[in-house]
Amino acid sequence: MSDIVENRLARLRQRMVETNTDLVAIGPGSHMQWLLGLNPHGDERPVMAIVTDNQVGVLMPLLNAEASRAQCANVPFFEWSDADGPLGALTQLLTEANAKRPGLRIVLDEMMRTDFSFLLLDQLDTPTHRFTLDTVGLLRAEKDAEERQLLKDCALLNDAAFERAFEALHTGMTEIEVRDIINDHYMGNGAEPAFCIVAFGKNSAYPHHHTTTDTLQPNMAVLIDAGCRLRGYPSDMTRCAWYGDTPNARFYEVAGIVEQAVESAQSAALPGTLCSDVDKAARTVIQDAGFGPEFLHRTGHGLGVDVHEPPYIAANYPEPLRVGNVFSVEPGIYLKEEFGIRLEDVAFLHSGGVEILSELPRTVRLLPVKD
């Protein structure tokens, strides 16, 4: 068992004591990857890790056990074959974990398949259950120095990809061609593309525009929202530009308001501040400027193993920020049939405020026409 896994299990067990939790059950996915370094093949065959105060074990299909054990040495596997089914192995795991007593207070992985969760619940005697927000989810949201560096490295790679994309813009190129430049840079530097939105002109008024063969023409807005995954951790950034002559006053006005909203949210983001209040700080700027209905989404989301994970910088997420949280700040204004502007940075929260992981200026670029 690696030092990282031992440390994270110890932190989880301490958190279980603090939250009066008897058992944590997590399925294949990012929680299991973060906690145990295990990313097993996922299908309908039940797989789950069980953690108690003195036991950790993984229910594992026999045909996947050997490949999975290479990822997760020294964690006991309770293997089952297709011929026998999972019940015998699960019963053995729960017995060894002293989890057959009645009234257990358990945490279920909200991302685990429902049939896996029901399989577990059916073997327990009058359990109570909740999801991972105050245990695994909370711990994942508090990044350590190593995770911060991984996120920083990925952000810097993203900076370089955006620079290449903006430098390459010329009249007649398609959104897909710009996306390919970005993705090629990722892959050429050892990263995997995670997502890429390239939006020209009125397409930028759609926050989740699907990149198309539409072409770049003079006097168009350009919005790029992209990220990659490097050594297991992602990046996420949005930058905007104007391609052509000097944009009209409305474009400048909207760009300035969005930048003020970013700055307001970043200033509000301090340890102990409610995520909903950080969202409010950005939203109030945009509402006061008369564009409230055109701000269509939350202000941000956490990043870590997943591109989207807690904490969520949203009006309906009144959880306090903690040192080590990593989250995006990405307000936007979207004017249908005209343009949209979203400016996004990823922030690491220190005791005194946020550190922006990107080093690429957020200023909306003015790009000359190139034929």
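Before any of the text, the structure's been laid out above.
All of these numbers come straight from a predicted model, not from anything done at the bench.

Moving on: the state of the cysteines. Under the definition given, this model contains 0 disulfides. The thiol of Cys240 is unpaired, and the distance to the nearest cysteine sulfur, on Cys196, comes to 13 Å. A relative accessible area of 1% means that Cys240 is categorised as buried.

Residues in a regular strand project their side chains so that they alternate between the two faces of the sheet. Among the 7 residues of strand E10 (residues 237-243), 7 are classified as buried, and the element is accordingly described as predominantly covered. Going residue by residue along E10, you find Met237, Arg239, Ala241 and Tyr243 tucked away on one face and Thr238, Cys240 and Trp242 tucked away on the opposite face as well.

Moving on, we come to the pattern of salt bridges. Under the counting rule described, the total for this entry stands at 26 salt bridges. The partner of Arg113 in a salt bridge is Asp115, and the shortest N-O contact between them spans 2.8 Å. One salt-bridge network, held together by shared partners, links Arg140, Lys143, Asp306 and Glu309.

Contact pair helix H7 (residues 145-168) / helix H8 (residues 175-188): the axes reach a minimum separation of 9 Å and the direction vectors enclose 145°. Regarding H7 and H8, the two cross each other, and that crossing is right-handed. In this structure, H7 contributes Leu157, Asn158, Ala160, Ala161, Phe162, Arg164, Ala165 and Ala168 to the contact, and H8 contributes Val178, Ile181, Ile182, His185 and Tyr186. Classifying every residue of the contact of H7 with H8 by side-chain character gives 10 nonpolar, 2 polar and 1 charged.

Across 3 bridges, the pairing between strand E1 (residues 23-26) and strand E5 (residues 105-108) is parallel. Within E5, the position partnered with Val24 by the bridge is Val107. Bridge count for E5 against strand E6 (residues 128-130) is 3 bridges, and the pairing is parallel. Pairing of Val107 across the sheet is with Arg130, part of E6.

With that settled, consider the sheet that holds strand E3 (residues 56-61). One open sheet holds the 6 strands; their spatial order is E4-E3-E2-E1-E5-E6, and the pairing between them is mixed. Both outer strands of the open sheet, strand E4 (77-80) and E6, are each paired with one neighbouring strand and no more. Within this sheet the neighbouring strands show an average axis-to-axis angle of 20°, counted without direction. Contacting E1, strand E2 (48-51) and E3, helix H1 (residues 3-18) crosses the sheet at an angle of about 60° to E2. The strands touched by helix H5 (residues 114-122) are E1, E2, E5 and E6; relative to E5, the strand with the most contacts, the crossing angle is about 165°.

A separate point is H8. Helix length check: H8, at 14 residues, gives a terminal C-alpha distance of 20 Å against a target of 20 Å (1.5 Å per residue), a fit within 8%. Residues of H8 that are buried: Glu175, Val178, Ile182, Asn183, His185 and Tyr186. For H8, the buried positions fall inside an angular range of 155° around the axis, keeping them on one side. Elements in contact with the buried residues of H8: H7, strand E7 (192-200) and strand E8 (220-230).

This brings us to unusual backbone geometry. In this model, Pro310 is joined to Pro311 through a cis peptide bond whose omega is 0°. Within the fold, Pro311 resides in strand E12 (residues 309-313). The backbone of Asn98 shows a phi angle near 55°, a positive value even though the residue is not glycine. The residue Asn98 is located in the loop between helix H4 (87-96) and E5 in this model. Take Asn98: its relative accessible area is 48%, and that puts it in the partly exposed class.

What H5 keeps buried is the set Phe116, Ser117, Leu119, Leu120 and Leu121. Elements that come into contact with the buried residues of H5 comprise E1, E2, H4, E5 and E6.

Counting through the fold element by element, Thr19 comes out in the loop between H1 and E1. When its relative accessible area of 16% is taken as the criterion, Thr19 is described as buried. One polar contact links Thr19 to Thr21, side chain to side chain, over a distance of 2.8 Å. Excluding residues that lie within four positions of it along the chain, Thr19 makes contacts with Arg130, Asp134 and Thr135.

Positionally, Arg362 belongs in the loop between strand E17 (353-356) and strand E18 (365-367). We classify Arg362 as buried; its relative accessible area is 15%. Separated by 229 residues in the primary sequence, Arg362 and Leu133 have C-alpha atoms spaced 32 Å apart. Those residues in contact with Arg362 that lie beyond four places of it in its chain are Arg239, Glu259, Val262, Glu263, Gln266, Leu343 and Asp345.

Structurally, Ala161 can be placed in helix H7. Taking the relative accessible area as the measure of exposure, Ala161 reaches 0% and is therefore buried. Considering only alpha carbons, one finds Ala161 and Phe251, 90 residues apart in sequence, at a separation of 25 Å. Excluding residues that lie within four positions of it along the chain, Ala161 makes contacts with Ile182, His185 and Tyr186.

About the thresholds
- Residues numbered from 1 in each chain as written.
- Predicted model: local features only at pLDDT ≥ 70, side-chain atom pairs only at ≥ 80, totals over all residues.
- Heavy atoms only, no water.
- Disulfide = S-S within 2.5 Å.
- Buried < 20%, exposed > 50% of the residue type's maximum accessible area, 1.4 Å probe, protein only.
- Helix = DSSP H or I, 4+ residues; strand = E, 2+ residues; numbered from the N terminus.
- Salt bridge = Lys/Arg side-chain N within 4 Å of Asp/Glu carboxyl O.
- Axes fitted to C-alpha atoms, helices over the stretch in contact; angles between N-to-C directions.
- Left-handed = near helix turned anticlockwise from the far one by under 90°.
- Contact = heavy atoms within 4.5 Å.
- Nonpolar A, V, L, I, M, F, W, Y, C, P; charged D, E, K, R; others polar.
- Pairing = 2+ DSSP bridges.
- Expected span 1.5 Å × (residues − 1).
- Arc of directions from axis to C-beta.
- Polar contact = N/O pair within 3.5 Å; in protein donor to acceptor, adjacent residues only side chain to side chain.

Note that every value here comes from positions in space, so none of it alone points to a role or purpose.
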